[in-house]
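# Secondary and tertiary structure notes
Residues per chain are reported as follows:
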Number of protein chains: 2
Amino acid sequence: MADVKEFKVIGTRPIRHDGVDKVTGRALYGGDIRLTGMLHGKVLRSPHAHARIKSINIKKALALPGVKAVVTGKDLPGAADRIAELGEGAVNLKYLSNNVLAGDKVLYKGHAVAAVAAVNAHVAEEALALIDVKYEVLPPVLDVREAMKDGAPLLLPELKTKSLGQKTETPSNVASHLQFKKGDPEKGFREADVIVEKEFFTATVHQGYIETHNATALWSPDGQLTVWVSTQGAFTVRQQLSELLNLPVSKIKVVPMEIGGGFGGKIRVYIEPVAAILSKRTGKPVKIIMTRTEVLEGTGPTPGSYIRVKIGANKQGKLTAAEAYLAYEAGAYPGSPVGAGAMCIFAPYDLENAQVDGYDVVVNKPQTSAYRAPGATNAALAETLIDEIAEKLKIDPIDLRLRNAAKEGTRRLDGPVFPRIGCVEVLEATKNHPHYTAPLGGPNRGRGVAIGFWFNVGLKSSASASVNSDGTVSLMEGSTDIGGSRTTAAMHVAEEMGIAAEDVKPTVGDTDQVGYTDVTGGSRVTFATGWACYEVAQDLKRQLCERAAKLWEISSDDVAYEDGACVSKSDTGKRITFKELTQKLDDTGGPVVGRATVDPQGVGGAFAANIVDVEVDPDTGKTQVLRFTVVQDAGKAIHPSYVEGQMQGGSVQGIGWALNEEYFYDAKGVMRNASLLDYRMPTCLDLPMIDTVIIEVPNPGHPYGVRGVGEVPIIPPAAAVANAIYHATGVRMDRLPMSPGRVLEEILKKKG
Amino acid sequence: MADVKEFKVIGTRPIRHDGVDKVTGRALYGGDIRLTGMLHGKVLRSPHAHARIKSINIKKALALPGVKAVVTGKDLPGAADRIAELGEGAVNLKYLSNNVLAGDKVLYKGHAVAAVAAVNAHVAEEALALIDVKYEVLPPVLDVREAMKDGAPLLLPELKTKSLGQKTETPSNVASHLQFKKGDPEKGFREADVIVEKEFFTATVHQGYIETHNATALWSPDGQLTVWVSTQGAFTVRQQLSELLNLPVSKIKVVPMEIGGGFGGKIRVYIEPVAAILSKRTGKPVKIIMTRTEVLEGTGPTPGSYIRVKIGANKQGKLTAAEAYLAYEAGAYPGSPVGAGAMCIFAPYDLENAQVDGYDVVVNKPQTSAYRAPGATNAALAETLIDEIAEKLKIDPIDLRLRNAAKEGTRRLDGPVFPRIGCVEVLEATKNHPHYTAPLGGPNRGRGVAIGFWFNVGLKSSASASVNSDGTVSLMEGSTDIGGSRTTAAMHVAEEMGIAAEDVKPTVGDTDQVGYTDVTGGSRVTFATGWACYEVAQDLKRQLCERAAKLWEISSDDVAYEDGACVSKSDTGKRITFKELTQKLDDTGGPVVGRATVDPQGVGGAFAANIVDVEVDPDTGKTQVLRFTVVQDAGKAIHPSYVEGQMQGGSVQGIGWALNEEYFYDAKGVMRNASLLDYRMPTCLDLPMIDTVIIEVPNPGHPYGVRGVGEVPIIPPAAAVANAIYHATGVRMDRLPMSPGRVLEEILKKKG
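Calculation rules
Residues numbered from 1 in each chain as written. Chains lettered and ligands numbered in written order. Predicted model: local features only at pLDDT ≥ 70, side-chain atom pairs only at ≥ 80, totals over all residues. Heavy atoms only, no water. Helix = DSSP H or I, 4+ residues; strand = E, 2+ residues; numbered from the N terminus. Buried < 20%, exposed > 50% of the residue type's maximum accessible area, 1.4 Å probe, protein only. Contact = heavy atoms within 4.5 Å. Axes fitted to C-alpha atoms, helices over the stretch in contact; angles between N-to-C directions. Parallel < 35°, antiparallel > 145°, perpendicular 65-115°, else oblique. Left-handed = near helix turned anticlockwise from the far one by under 90°. Nonpolar A, V, L, I, M, F, W, Y, C, P; charged D, E, K, R; others polar. Disulfide = S-S within 2.5 Å. Pairing = 2+ DSSP bridges.

Our next topic: the environment of A:Arg735. Residue and element names in this part refer to chain A. Relative to the helices and strands, arginine 735 is located in the loop between α21 (717-729) and α22 (740-751). For arginine 735, a relative accessible area of 32% corresponds to the partly exposed category. Here the alpha-carbon distance between arginine 735 and tyrosine 306, two residues 429 residues apart in the chain, equals 9.4 Å. The residues touching arginine 735, leaving out its near neighbours within four places in the chain, are Phe201 and Arg742.

Now for the packing of helix α8 (residues 234-245) of chain B against helix α9 (residues 272-282) of chain B. Residue and element names in this part refer to chain B. For the pair α8 and α9, the least separation of the axes is 10 Å and the interaxial angle reads 55 degrees. Considered as vectors, α8 and α9 are oriented oblique to each other. Every pair of crossing elements has a handedness; the one defined by α8 and α9 is right-handed. Facing Val237, Leu241, Leu244 and Leu245 of α8, the residues of α9 in contact are Glu272, Pro273, Ala276 and Ile277. Each residue belonging to the contact of α8 with α9 can be placed in one class, and the counts come to seven nonpolar, no polar and one charged.

Right, let's get into the state of the cysteines. The term disulfide refers to a covalent linkage connecting the sulfur atoms of a pair of cysteines. By the definition in use, this model includes zero disulfides over all chains. Here A:Cys423 is not cross-linked by a disulfide; its sulfur's nearest cysteine counterpart is in A:Cys344, at 12 Å. Considering cysteine sulfurs only, B:Cys566 is the nearest to B:Cys545, which forms no disulfide, with 4.1 Å between them.

This part takes up the sheet that holds strand β23 (residues 565-568) of chain B. Residue and element names in this part refer to chain B. Taken in spatial order, the three strands make up an open sheet running β22-β23-β24, and their pairing is antiparallel. Each edge of the sheet is formed by a strand with only one pairing partner; in this case those strands are β22 (559-562) and β24 (575-577). Each strand axis lies, on average, 25 degrees off the axis of its neighbour in the sheet, ignoring direction. As paired strands, β22 and β23 are joined by four bridges and run antiparallel to one another. For tyrosine 561, the partnering residue across the bridge sits in β23 and is cysteine 566. In the packing of helix α18 (residues 525-552) onto the sheet, the strands contacted are β22, β23 and β24, and the crossing angle to β22 comes to about 125 degrees.

This part is about unusual backbone geometry. A cis geometry characterises the amide bond from A:Leu736 onward to A:Pro737, with omega recorded as -10 degrees. Inspection of the secondary structure puts A:Pro737 in the loop between α21 and α22. In the Ramachandran plot, B:Phe263 falls in the positive-phi region, its phi being about 60 degrees despite a non-glycine side chain. In this structure, B:Phe263 sits in the loop between β13 (252-256) and α9. Residue class for B:Phe263 comes out partly exposed when judged on its relative accessible area of 27%. Despite not being glycine, B:Lys394 shows a phi value in the positive range, around 55 degrees. Of the residues examined, B:Lys394 reaches a relative accessible area of 75% and is grouped as exposed.

Right under this line is the structure:
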């Protein structure tokens, strides 16, 4: 579909419509909601990483003046009663429900056990201390390999996976095993001149959004539930609430407030259903806001993982075979993103022989959640092996990648055949970037490169629009705006209508106001919601042509919409601009509104590569990032500033994974760094400017060639930094984060 | 268009969707808006009915701690500077602007002169007293006939109308003169056997909505203005603000809050632009709420009027000629509803010869505004003349009306030819109603009848909808819901989709969320917004048929939507219900959303007749309404309870006009009863149950036959009560209200 088009709005950088509201503090976030008679909720959380709940006594808490209600897991409609209705989904619903408020067991420190609604947050907090929970403490298991061992403490009795396709009667912590295979890896390894193999370890890390989770619920006596919430997907919250509360979706209105970051972590519900049942119980609106510690301990970080990868190559630099074993921590309930890791790990390479095995394993940590290209960053640490092979073969590492680069027609290990992709273009641009050949300029410095792939998703989006008499369009769409997507949505309409982006006024609707729209995630918003907006414009244009035909008393078949105007195809003298026509709608049938929904196929995957220079202090092991360049294929960059923002943000998070971030657990499974002071995310003081290079290899499956840009930039940084550290120090790091202590340890080990 | 249809939802009485929220106090009205940093505004109003403003000194007020801004008329963009751009509209804009904040003159007691924004309402009020306004007091003119005399005090120098089509160089208080004429009235009067002629006087009365005017404005530094307001039309507020503030409509978002009554009085803006400029000045949100006295003195009541009517009839009971002279008080600025009065006064009658002259006259009272069938209630007081003729000719008054009743093909005096109407049916049902022949049951009692006509309007409405996976539809429409219109809107969608009204969830959108929609007024919402919802359903059905075709792998031409299901026209075995299909949307292309706009022609006028029994206390002149029946043609009653509610509400307001309500002015033009205690509206303690009879003569111009029901019931009560008083006492009242003192005076006069 994507022709080479001349764009007028697409590719420019208009000021974002919500900019002033956000920088002046006028934008309304979940924390800003205040309703008459509103109560405040607080959640009691487990002090143990693994325990059986023997009893919960709420009497004293209920008796505290100002306390209006106390609820526990028993107050959620039980999934167990609904197995007939829900089938196999009942198990997942039970997990979701038990994660919201624990059932008979707590599975991680911070697991929600009970909740209080009170006249203010202080009383609610005081009441938490009066809830008497009797626990039978059980041994926790925190590491994925420990959890897979026979005799490990077991979290969920119904899990009985042993390995692929095998179920045993012996309970296990393995929730599932998946395998992708292509060609004959054994044969491939036999053909190899060089084989590298390594184990990798990545830490549990959090998305680290600045705004903590919040939810305000009002359950009206007529059974209508309204929830104001910071979420990546209002409809997804609605769906989960519908299941958890056994309430039809149409009885629930979810109002998405502005969001202070999500990165995948604000999709699953936590406190939303709790606020809802507290509201139902009290008849009042109930607001819950998490503390930072609750966010770290009680929401969904991305999994720690154990990864073993083996790659073979011949002397010509052709990768002959690759194998990977991925074991990802699901946290307390199944659902790690190991599948996505398995899809992405070898995707930049055109491999004849490869196999990936992935294991989803429960451990006594919070249930993991999506986090920007979930699962792929862990796996991409194995990109360091490509660097090792290049070194052994004395081939430039980018050249090695180019010799094996995936391209149109390459079949991915997980099945799909690549359409036109930009892997080669990204690698070439990386190689040709001045950074790649610039002098390092000092001792203890090294340069690393790496590449990453993310498939992106499409999913469903809806939009509607109405034409204003002043030559503008009001646009409603359903995607939570995290990175400027209101403006990119508006730009699609502006481009098609031939007007300025400022003349389209975008609004994000709630679940009663706009058609179903999936989450802001999967790098899908510009791709799919943008497409919905493109289609809305087609709907408007069709109607405007009919209006022009009416004005001119000609057939609407004779009218086309070109360059912001209706024109007669047969009479070049007949032309009326959009702005002029908007003033004549009253005379030609009234207002014009448009609508569209899309569920687009044609998703285009994206590649990002990094060049990173580091200096490692040989005395402390501290790594300083000196220069960082990210090259990424956007397909088509709708608003280049926001694309660059995504590239920079993703890179910085990747650097955080690489150097600093981890959940630090003690032996009892208690997180010892549950604050942003101790959970160390990089700040701008730690970082150089992240230089960006946008490559545009149009996605043939999208009208403008859009691919999606949000996720892929987080994938290569950890490997690129590891490669740079190697070239600075001579030590190959195999464990994230590569914190000063660990790097120093490896340096000392190497020195002997 | 309207076939006799079998309805499943239309004509039933579902519970209103917003009912629980409203009775539990959860519904959000303008008064509920609280924004961070919000200031409170108060308006300084003129103590004089007519004065020149010599100077306004705001220094002391500005110096008061807590005061953040003081504005006057000079702070509104001057219309004078924009004459080139606005043409003749500049004069109207100047009037609107000067009514919002006075220019060089104040024209009525209560006229807004300046406004203050302060940290709270008390400080703002205190500051008002510190604003020093120097006035040159001018003589006021309060009565329409006085205002028309030579030498009357003149309000607006640019008014120079003398009479029809004549402009003189002599300024005048007459803003305009209109005339409708048909046949040869002089000839008609020559053919008459009996001629009656009388002068009538009606008082200035207020709509009396319970919720006072309120507005909260936030003018963002990026030039976006948001206004939360109680209004009958968010888009109309947007348009007025656009003109008054010289700001494009797309820069303004108007959020219609729930409304506590409007009746026509919440269409023109008063405090909305004031809150806006105070917000612009301070950079903070500013909220203004009127007091009851401000509402009565400073908003738009309906005009007092002087009416002279002459009607002739022959012995056979045929009306041979009619003439009316209507002089309506416009209040401070032109724009009384005299035109509508002129359209309606003789409309129930098929007259060969008639003439109406209408005069719009400015006086020193608040600028009049719309009030339920504006202008028609005043004029319909002349229905007492029909009673006089009937008495003189000894013909039953309903029979007299039936002999002359307007019907399909009758040309109205103002031009249009009636399509199918229900005048005869309403009169016949009135005559056949048991009330008409029931014994009066006591002395000093009398029974009166009267009929009224209202033309109703269409105008523009928009709606959009989305289908939910639980077999329901979320509906967005743009009409402020005053009398249950959310539910009637939902019922249109439900009827067409073949689902329950409860399965359609209606929401009223703001000006950014929904397509342009005109005011809730003119009895148009059920007619036009209902029609938009009907069309939305057609759009949904078309798309659902395409989805079913996809599922069945057949052509969508072969699929029809019948009885809540898609069916194959060629294969009777293929049928999928709406509920089933909503679960399969994901597999067939994603969500389904619909949209529609309408600007419908085919408006159908409506008739209402009353039978009223009164008892008049001969010692005090107090009139007690004993029994009241209203018969009205609804065309098609979508939700009969709400139709009955409109009939009852309109009747009660008409009774208020008849017996109690008036602006009582002293000689200086100061309203002496500016509170609801003194401005006496009827309460349920004053009234019997209002019995209703809905007649359904389908409007051929609407898919379901809807006519509109909100306004016509207010028209006949005053005349019906006057006729009843005559039959109880023998005195014919010619002045509203027929308060005890006035009735007693007439009784005593008659006694001599």
